[in-house]
Amino acid sequence: MTFSMLLISIFTFVELNCENLFDCRHDSLKNDTEFLPEGSYHWTPYRYWRKLDRIGQTIIACGEDRCGENLKDKEKGDSSGWNWKLPDLVALCEVENDSVLRDLTKRSLLRNASYEYVMTQSDDERGIDVALLYSPYTFWLLESRAVSVQRVKGMRPTRDVLYAKGLVWGRDTLHVMVAHFPSRRGGEAYSRPFRMAAAKTVCALADSIKAVSPDANIVIAGDFNDYSKSKSLLMIRNRGFTDISADAKGHNGAKGTYRYQGEWGSLDHILVSPSLASRMLSCCVYDAPFLLVPDEKFGGVKPRRNYLGPRYMNGFSDHLPLVAKWRQPE
């Protein structure tokens, strides 16, 4: 196989929590007043457009072969000649609305990438949703819809699960779910039933897909606000899914996608069905130096976030991206 053929046969999937990607306009139905020019975050048009370009820069950079060692070992046997390739699919969390996604894909640094998108319009009180960017050249969208999470006692309105189905290079059907599970507000134990409710929604959707196509190619990705061994993730894994991001690390010091009080952890995950797990080449935390800053209190590095409390840090996100690559069947 030639190098160019090898590059084409690799599919790249990115997951990223954008850290409050709000526009500067008030939605009277949502609690978004913090992210207005007169709000506590002083969210001005300048900061908004800078943030859009920061997210665009991150997505473009994820096309670099940062997980290359593993992939080269399996496919080439050496480290020569690897190139950049624009990610095929990008799962995004914490995006406010359609206006933000239109600005991101059509007016930011991504404007020449030709990305299209689908997203949810949930009842989340703050107005944040999930979205999927896709390259129409490699992923032909067939259908998409939002799936509501059935609330349990004490649970606030939360983000819908985004479901999308498409053809990869016009051949193989791929099912994608993008989720942002309820936060740990009130404590992990108190909020656990809320994340379990979201996990049940994901599992029910996966079961409905498998009932029609037992060997379906399925990806479940997003910010689960839980760790790989948490009950919500175990529920999904017990359906036969592999958390390919469970041990993902970066090349520049990141040992997870998120750092809190000096401890790395991953609340972001990418899970795949067995048919895809067998074709996985690599999954890493993308931690390019421009996404990091020194952790002066605890040592090492941490994500270059956009805000620390109400203090503007002029960064990217408090989460680092996950990048997964798999080989398409010939």
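From a predicted model like this one, the values you see are computed outputs, not experimental measurements.

Undergrad: Residues and numbers for the sheet that holds strand 7 (residues 172–180), please.
TA: Pairing in this open sheet of six strands is mixed, and the strands run 5-6-7-8-12-9 from one edge to the other. Each end of this open sheet is capped by a strand with a single partner; those strands are strand 5 (139–147) and strand 9 (242–243). Here strand 5 pairs with strand 6 (residues 161–168) via eight bridges, running antiparallel. Each bridged residue has a counterpart across the sheet, and for Phe139 the counterpart in strand 6 is Val168. Running at roughly 170° to strand 7, helix 5 (residues 188–212) makes contact with strand 5, strand 6, strand 7 and strand 8 (217–223) of the sheet.

Undergrad: Account for the sheet that holds strand 18 (residues 322–327), naming residues and giving values.
TA: Taking strand neighbours across the sheet as the criterion, the six strands line up as 3-4-2-1-18-13 in an open arrangement whose pairing is mixed. Of all the strands in the sheet, the pair left with one neighbour each is strand 3 (116–119) and strand 13 (280–285). Averaged over all adjacent pairs, the angle separating strand axes in this sheet is 15°, with direction ignored. Relative to strand 18, strand 1 (residues 10–21) runs antiparallel, the two being bridged by six bridges. The residue of strand 18 that forms the bridge with Val14 is Val323. Here helix 4 (residues 98–106) sits on the sheet in contact with strand 1, strand 2 (89–95), strand 3 and strand 4 (129–134), set at roughly 160° to strand 3.

Undergrad: Tell me about unusual backbone geometry, residues and numbers included.
TA: Even without being glycine, Ser114 reaches a positive phi, approximately 65°. Tracing the backbone shows Ser114 in the loop between helix 4 and strand 3.

Undergrad: If you had to explain the packing of aromatic side chains to someone new, which residues and values would you point to?
TA: Under the counting rule described, the total for this entry stands at 15 aromatic pairs. Between Phe35 and Tyr307 the ring centres are 6.1 Å apart and the planes differ by 85°, which places this aromatic pair in the edge-to-face class. Note that Phe35 is positioned in the loop between strand 1 and helix 2 (45–61) and Tyr307 in strand 16 (residues 307–308), a separation of 272 residues in sequence. Per residue, the accessibility class of Phe35 equals that of Tyr307, and both read buried. The ring of Tyr312 is capped by Arg47, whose NZ or CZ atom sits 3.9 Å from the centre of that ring.

Undergrad: Describe helix 4, with residues and values.
TA: Residues of helix 4 that are buried: Ser99, Val100, Leu101, Asp103, Leu104 and Thr105. The opening residue of helix 4 is Asn97, an N-cap whose side-chain oxygen sits 3.1 Å from the backbone nitrogen of Ser99.

Undergrad: Give a description of the nonpolar core that names residues and reports values.
TA: Within soluble globular proteins, side chains that are nonpolar generally end up buried alongside one another. Grouped together as the largest cluster of nonpolar side chains are 69 residues, with contacts concentrated most on Leu92, Leu101, Leu133 and Leu174. Sequence-distant contacts of Leu92, that is, excluding residues within four places in its chain, are made with Leu16, Cys18, Ile59, Leu101, Leu104, Asp129, Val130, Ala131, Leu133 and Val178. Core analysis: the next-biggest nonpolar cluster, separate from the first, contains 27 residues, Ala179, Ala197, Val202 and Phe224 among them.

Conventions we followed
Residues numbered from 1 in each chain as written. Predicted model: local features only at pLDDT ≥ 70, side-chain atom pairs only at ≥ 80, totals over all residues. Heavy atoms only, no water. Pairing = 2+ DSSP bridges. Helix = DSSP H or I, 4+ residues; strand = E, 2+ residues; numbered from the N terminus. Contact = heavy atoms within 4.5 Å. Axes fitted to C-alpha atoms, helices over the stretch in contact; angles between N-to-C directions. Phe/Tyr/Trp six-rings, centres within 6.5 Å; stacked < 30°, edge-to-face > 60°. Buried < 20%, exposed > 50% of the residue type's maximum accessible area, 1.4 Å probe, protein only. Lys NZ or Arg CZ within 6 Å of the ring centre and 35° of its normal. Polar contact = N/O pair within 3.5 Å; in protein donor to acceptor, adjacent residues only side chain to side chain. Core = buried A, V, L, I, M, F, W, Y, C linked by side-chain atoms within 4.5 Å.

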